[in-house]
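Listed below, chain by chain, are the residues.
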Amino acid sequence: MAQVRTYSALVNEINKRVENAIKIVAEKMVEQLRFYLIEDFYNLYDPVYYKRTNQLRDDAPSYEMLSKNMAKIFIDGSKLKYRDATGYEVASMASLGFHGNINIFRPGFYWTDFVNWADKNVPNLLKEELKKQGLNAR
């Protein structure tokens, strides 16, 4: 740990390391969300009537730091441009297994699978990253 001489300097150093660990875990989570988009959405259906833009996979998975010790992982619908629906509508329908419209369904649920993965893996990922930052967590 960096040399600190005051209590507030110690707290600031710990907070900085926690924030770094959370950012790293959030980036890993975004990559895992992309994985589930590929596995549970893109790999389940090849469109016949339109060409895929891959926006949902490439542009929409995001994270945002809500504070120095909290991040949210989400699909950013504002980055998706579609003719007949908003990005949020497309992301929502895709999470329920629909491809392009309600008549094309495949049983792939990327968001549910991602949340289940996160519930099982994020606590240990965060512990590992905190340890790499020099902080031990139980």
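Residues numbered from 1 in each chain as written. Predicted model: local features only at pLDDT ≥ 70, side-chain atom pairs only at ≥ 80, totals over all residues. Heavy atoms only, no water.

1. Remarks on the environment of Ser62
- Within the secondary structure, Ser62 is located in strand S1 (residues 61–67).
- Owing to a relative accessible area of 8%, Ser62 belongs among the buried residues under this scheme.
- For the pair Ser62 and Ile73, spaced eleven residues apart in sequence, the C-alpha separation works out to 5.8 Å.
- Aside from chain neighbours lying at most four places away, what touches Ser62 is Val30, Lys72, Ile73, Phe74, Asp76 and Lys79.
- At a separation of 3.0 Å, a polar atom in the side chain of Ser62 contacts the main-chain carbonyl oxygen of Ala60. (Helix = DSSP H or I, 4+ residues; strand = E, 2+ residues; numbered from the N terminus. Buried < 20%, exposed > 50% of the residue type's maximum accessible area, 1.4 Å probe, protein only. Contact = heavy atoms within 4.5 Å. Polar contact = N/O pair within 3.5 Å; in protein donor to acceptor, adjacent residues only side chain to side chain.)

2. Notes on the layout of surface pockets
- Roughly 640 Å³ of internal volume is contained in the largest pocket.
- In terms of lining, the largest pocket is formed by 24 residues, of which the most central are Tyr50, Tyr82, Val90, Gly100 and Asn101.
- If you list the elements that add at least two residues to the lining of the largest pocket, you get helix H2 (55–58), helix H3 (87–95), strand S3 (98–99) and strand S4 (101–105).
- By residue number, the principal contributor to the lining of the largest pocket is H3, which donates four residues. (1 Å grid on protein atoms, 1.4 Å probe; cavity = no way out; pocket = protein on both sides within 12 Å on 5 of 7 lines; lining within 4 Å. Points joined across faces, edges and corners; volume = space filled by probe spheres on them.)

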